[in-house]
Amino acid sequence: MLVTDTRVGDRALFQNPTVAFRPSAYWFWHSIPTEDVCRAQLTDFRDKGIGTILIQARLSLPRADYLSTLYLAAYRVAALIAGELGLKLGIYDDYNWIAGHAGGRTVSGRDALRERHLFWSSAPAAQGSISGIHPPFVETMGPDILGWQYEGGRVEWCEWTVEAALLHSRSGIDSLDAISDVTARTAVITSDAVSCTYAFDGRIEDDQTLTVFISARSSTSRLINYLLPEAAERFIEVGLDPLVKALDGLLPEPVGFVFYDQPAAGFYRWDQISGDPGNSLLFAPPLRETTTRRTDASFAKVLLALLHDVGHDTLRLRAQFYAGYSALMNDAFFGTLRRWSDTTGIALTGHEILPHIASWSLNGGFTSIDPRVAPAVDFFGIDAFRHETAVDSNNFGAQLAPKLGDSVARSNGRSRCMVETYATAERTSLRAAGQWELTLETARAQAIRLLCLGMRQFIWHGVYQTDGHDNDPTPFVNPRFDFAPGINFEPWWSYHDLFAAETARISVFIEPAKPRTPVAILYPLYTAFAEGPRHGHATHIGAWCEHLLAQGCDFMFVSEADLAGATIDDGKLMASGLAFDAVVLPSVTVLETAGTIRALEAFKAAGGAIWSSGERLSVISDSDAPVTFPDVSTHIEGHPESLAIATLVSSLPFRGPRIESRSGGKPWRWIGYEADGWWRLVLFNDGSNDLEVEISYGPAFEYEEWSPADGAIHSQGTLEQSLVLLQPQEVRCIRVREALGTMAAHGAIQNAPIPNTAEAICLAGGWTFCPGDDADFQSISVDAGWETQGFADFSGIGIYRCQMTITTQTEWVLELPEVHTAVTALLDGRQIGRRAWRPYRFALGTLSLGMHLLELRVANTAANRYYCNTPYLGDTPDKSGLTAVPTLVPLSN
């Protein structure tokens, strides 16, 4: 029966999710669109279930057109149309990406705002040089990206300045006192656009090395110096204010927020680079004062400590320096944006560089950069400047980003996050070629995983204004190969409304409940600052995350500030609005404050568990006193492994419903609780085999099913136990509440009727096919894709037809074992269903005896069309259409 009770708002929202839960998308502008184009595309986006659009000017749009009078006029027209259609609009804040440059306008005529970096050289000689400076991270993306970020595509420098010079022993440095500051006696003696030479006017002994730190400003970079608030102010003046002015009267509805994307200066390397940092550092004069104030040491000697071991103060000095560096950068850029956002009346969101993207390891994504030189470590601090949390994710596997995003949001008084998802090529070295082979099943599975990990809203990267042009494999400037796919040019796009409605309902279902997270993982910020990205804390975090999830044990990250502000209730740590039974220290060697130790000790004394792995604590940043490693419940000396973590998880107290797998494999799950005693469960089988799951909760429990596919809500009454069969790619949303004093109905819930496969009828022969509505039909086999039967480069809607004879009057189900990739089934000209992911099963009802015409309209991906005649196709075309024989199956009585 359908459920009716007083929770009307919650249930109505589930049935008809608002735009806050529906997918968003970047709308790539490759030229300035006309009003007709805006209306047609925005209407299409709305009809396919998109709720929010962010207009993003891409590299194929001439930079001179960005923020031009015509561009701003089209932007306003698009916003007006979006409002008429019930869509929301967000301001994507820059040209292409990397927030702050405003397509180069920020630094135009304001050279002092261009990025300035600190380089260094160490040698046992009085004279040396800085040369060979290059941005390898950018160079790998090709000349068009270099041409966008650097005027003329040239990386050039000026204003070479010695900031520090130090004499020190080559054989090791015992303390800061053993270092001689010779900055005043060192100077740049020659320089040009790509290098400089310096000289020291004193003597260097045989056992000494001279280390010189030289800053230089790029004369060609369009990127800004993020340490300067005036750079952010100029960015607002020339990049954001023109958009806000053009949108007068449309803020905050329908234009409700501004979204920043990956603010970061260049990640430079050079011939003489050495020591601990992996890239150059941004430099501005305020950094000197900030460093001195935080460390009580000279700026020059602290810089040397960043490179080399300078004795027992090394880790403390590194942590204090990078903490100051990050705080200065965060306030200069994000703080300036937040203050502007507050006065403008729209929300601030967006995401910084996430070095863990596509990985569970904290630095397993962008491995070529040192995140400490960018706003890419202090995620809790950055999030404090946002109104809403957003993160970035790459490709279609489970990863850290949404979990860490949800964690920082909860730490800052919010919950969950938006997740931008972009695709990079996996079958070619050119990442920007993307994945035109993406299926909606793959995207849906990823969206559900992201929802279980902390996502509220999915952001597509993106929908395209144009699909580019043929016979041109150039990345970026040919929109076709600018991190494809443009999902609205996928043949399966017409099925996107199914994806949008279902994932939005799952998000709504999760929204009212708090997640059951027995474990808190301490985010080791000061360890990350001091030790750098290659230290064990990064991989230990990844291992804890993966093994905890494999055990069905959810977790959240907490900061040291969260621990300091936590309370303890009945042996549980209450932090970030959640209750924790255990705290994990993942190879934590440096903490910010001794107060963290006291909070951990109080938690353990109250009965909580503290688990640690890897290296032990050795430094507390705000204290010179000897450090004692906290008294932990269990310490894993090496890398945390599955068996050890399973043992730890089994020792935790348990509350709420239990979910036990009765067959091989485990489903993805999300478990949360409401204030009134109800629990919410999301179960998802992202595998290829059936999974049977048993749910139990006390002696008896009330049970409801909320169907994300259609919004229906059904009560199953009161049960002793529930056996849930999850077919491949099936998702179930379930509410349970312990039923005290109520007799339960014995048995399992009613799953879907089981087809009688023993009496199935194979539809192996008699099929005809045409590639699109205007083509002729011809015979085709249905146990191999159309790409093997003369249509290797066809992407679109392929139409299969078959006459079938019914001799038994009963209820029939059409089973399509393999479809690549989405299908609409019609029987005798009447549509009976649409599917874009497994199981491809259609209830036909009771069929009359005799002949019936079955038509299957199958959409493949765009890969075979768009990768044709390019290096990106791969060895064989992608599978398309039907690749296994359809069957008719009678339902069992």
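Calculation notes
- Residues numbered from 1 in each chain as written.
- Predicted model: local features only at pLDDT ≥ 70, side-chain atom pairs only at ≥ 80, totals over all residues.
- Heavy atoms only, no water.
- Helix = DSSP H or I, 4+ residues; strand = E, 2+ residues; numbered from the N terminus.
- Buried < 20%, exposed > 50% of the residue type's maximum accessible area, 1.4 Å probe, protein only.
- Contact = heavy atoms within 4.5 Å.
- Lys, Arg positive; Asp, Glu negative; His and termini not counted.
- Charge placed at Lys NZ, Arg CZ, Asp CG, Glu CD.
- pLDDT = per-residue confidence, 0-100.
- Core = buried A, V, L, I, M, F, W, Y, C linked by side-chain atoms within 4.5 Å.
- Salt bridge = Lys/Arg side-chain N within 4 Å of Asp/Glu carboxyl O.
- Pairing = 2+ DSSP bridges.
- Axes fitted to C-alpha atoms, helices over the stretch in contact; angles between N-to-C directions.
- Polar contact = N/O pair within 3.5 Å; in protein donor to acceptor, adjacent residues only side chain to side chain.
- Phe/Tyr/Trp six-rings, centres within 6.5 Å; stacked < 30°, edge-to-face > 60°.
- Arc of directions from axis to C-beta.
- Expected span 1.5 Å × (residues − 1).

**Q** Which parts of the structure should I look at to understand the overall build of the protein chain?
**A** Helices and strands together make up the secondary structure of the protein chain, namely 19 helices and 47 strands. Projecting the C-alpha coordinates of the protein chain onto the three principal axes gives extents of approximately 105 × 65 × 55 Å. The buried share of the protein chain, taken over its 893 residues, is 61%. Counting contacts in the protein chain only where the partners sit at least 6 residues apart, residues at least 24 apart contribute 80% of the total. Side-chain charges in the protein chain split into 69 positive and 104 negative, and the spacing between the mean points of these groups amounts to 3 Å.

**Q** Would you mind going over the confidence of the model for the protein chain with me for this structure?
**A** Regions with low pLDDT carry predicted coordinates that are not meant to be interpreted in detail. Per-residue confidence for the protein chain averages 95 on the pLDDT scale, and 97% of its residues sit at or above 70. For residues 1–7, every residue scores under 50 in pLDDT, and the model assigns this stretch 16 contacts once sequence neighbours within four places are set aside.

**Q** Explain the nonpolar core to me, please; I cannot follow it from the model alone.
**A** A general trend in soluble globular proteins is that nonpolar side chains are found buried together. With 234 residues, the main nonpolar core has Leu42 and Tyr71 as its most contacted residues. Sorting elements by how many residues they give to this core places helix H9 (residues 314–344) first, with 13 residues. Not counting residues up to four positions away in its chain, the partners in contact with Tyr71 are Trp29, Ile32, Ile55, Ala57, Leu61, Asp65, Tyr66 and Leu243. Phe769, Leu816, Ile832 and Tyr840 belong to the second-largest nonpolar core, a separate cluster that totals 29 residues.

**Q** Would you mind going over the pattern of salt bridges with me for this structure?
**A** A side chain of one charge can pair with a side chain of the opposite charge when the charged atoms of the two come close. For the structure on display, the rule yields 53 salt bridges. Taking the shortest distance from any N to any O, the salt bridge between Asp383 and Arg386 comes out at 2.9 Å. Linking Glu441 and Arg838 is a salt bridge whose minimum nitrogen-to-oxygen distance equals 2.9 Å. Placement of the pair is Glu441 in helix H12 (residues 440–453) and Arg838 in the loop between strand S43 (830–835) and strand S44 (840–846), with a sequence separation of 397 residues. One network of salt bridges, with partners in common, ties together Asp10, Arg11, Glu674, Arg680, Glu704 and Arg735.

**Q** How should I be thinking about the sheet that holds strand S21 (residues 572–575) in this particular structure?
**A** What the three strands build is an open sheet, ordered S20-S21-S22; its pairing is antiparallel. The sheet is open, and its two edges are formed by strand S20 (567–569) and strand S22 (578–580), each paired on a single side. When strand polarity is set aside, the average angle formed by the axes of neighbouring strands in this sheet is 35°.

**Q** Would you explain the environment of Leu304 in this entry?
**A** Within the element layout of this structure, Leu304 appears in helix H8 (residues 299–307). On the basis of relative accessibility, which here comes to 0%, the residue Leu304 falls in the buried class. In this structure, the C-alpha to C-alpha distance between Leu304 and Val212, residues 92 residues apart in sequence, is 9.0 Å. With sequence-adjacent residues up to four places away left out, Leu304 is seen in contact with Leu166, His168, Ile173, Ile179, Thr211, Phe213 and Val310.

**Q** For this particular structure, what's the right way to read the environment of Thr788?
**A** Assignment of secondary structure puts Thr788 in the loop between strand S38 (778–779) and strand S39 (797–806). Considered as a pair, Thr788 and Ser880 are 92 residues apart in the sequence and their alpha carbons are 8.8 Å apart. Within the structure, the side chain of Thr788 is placed 2.8 Å from the backbone oxygen of Gly785, a separation counted as a polar contact.

**Q** Would you explain the packing of aromatic side chains in this entry?
**A** Under the definition given, this model contains 56 aromatic pairs. Taking 5.0 Å as the distance between ring centres and 15° as the angle between the ring planes, the aromatic pair formed by Phe28 and Tyr464 counts as stacked. Taken together, the residues Phe28 in strand S1 (residues 24–29) and Tyr464 in strand S16 (residues 455–464) connect sequence positions 436 residues apart. The residues Phe28 and Tyr464 share a single accessibility class, namely buried. An angle of 90° between the planes, with centres 5.2 Å apart, marks the rings of Phe119 and Trp157 as edge-to-face.

**Q** Could you clarify how one ought to interpret the sheet that holds strand S23 (residues 582–586) in this entry?
**A** Across a sheet, strands are paired by hydrogen bonds formed along the backbone, either parallel or antiparallel in direction. In spatial order, the strands read S19-S18-S23-S25-S27; together these five strands make up an open sheet with parallel pairing. Edge positions in the open sheet fall to strand S19 (555–558) and strand S27 (634–636), since each of these has one partner strand only. Within this sheet the neighbouring strands show an average axis-to-axis angle of 25°, counted without direction.

**Q** For this particular structure, what's the right way to read unusual backbone geometry?
**A** In terms of backbone geometry, most residues other than glycine have negative phi values and most peptide bonds are trans. Leu251 connects to Pro252 through a cis peptide bond whose omega is 0°. Structurally, Pro252 can be placed in the loop between helix H6 (229–246) and strand S11 (255–261). The omega torsion across His820 and Thr821 is 25°, close enough to zero to call that bond cis. Of note, Ala102 is a non-glycine position whose phi angle comes to about 55°, a positive value.

**Q** Whenever I open this one, helix H7 (residues 285–295) confuses me. Can you help?
**A** Because an α-helix packs 3.6 residues into every turn, residues spaced three or four apart end up facing the same way. Within the sequence span of H7, burial applies to Leu287, Thr290, Thr291 and Thr295. One face of H7 carries all of its buried residues, which in axial projection span an arc of 105°. Along H7, the residues that are exposed and aim more than 90 degrees away from the buried face are Pro285, Glu289 and Arg293. Against strand S12 (281–282), H8 and H9 lie the buried residues of H7. Of the residues one or two after H7, Asp296 is the one with positive phi, at around 55°.

**Q** Honestly, the side chain of Arg114 in this entry has me stumped. Any pointers?
**A** In this fold, Arg114 is placed in the loop between strand S3 (88–95) and strand S4 (116–123). Accessibility expressed as a relative area gives 5% for Arg114, which makes it buried. Among the polar contacts made by the side chain of Arg114, one reaches the main-chain carbonyl oxygen of Ser221 at a distance of 2.8 Å. In this structure Arg114 touches Val107, Glu151, Arg217, Ser218, Ser219, Thr220, Ser221, Arg222, Leu223, Ile224 and Asn225, once residues within four positions along its chain are discounted.

**Q** Would you mind showing me how to read the pairing of strand S33 (residues 713–719) here?
**A** Remember that side chains alternate between the two faces of the sheet whenever the strand is regular. By the bridge criterion, six bridges tie strand S32 (residues 701–706) to S33 in an arrangement that is antiparallel. Bridge pairing in S33 places Glu704 opposite Ser715.

**Q** Help me understand helix H3 (residues 69–85), please; the structure alone is not making it clear to me.
**A** An ideal rise of 1.5 Å per residue puts 24 Å on 17 residues; H3 measures up with 25 Å between its terminal C-alpha atoms. Of all the residues in H3, the buried ones are Tyr71, Leu72, Ala74, Tyr75, Ala78, Ala79, Ile81, Ala82 and Leu85. Next to the buried residues of H3 lie S1, helix H2 (35–47), strand S2 (52–57), S3, H6 and S11. Positive backbone phi, at 85°, marks Gly86, one or two positions downstream of H3.

**Q** What should I look at first to understand the side chain of Gln320 in this one?
**A** Structurally, the position occupied by Gln320 is in helix H9. For Gln320, a relative accessible area of 10% translates into the label buried. Among the polar contacts made by the side chain of Gln320, one reaches the main-chain carbonyl oxygen of Ser621 at a distance of 2.8 Å.

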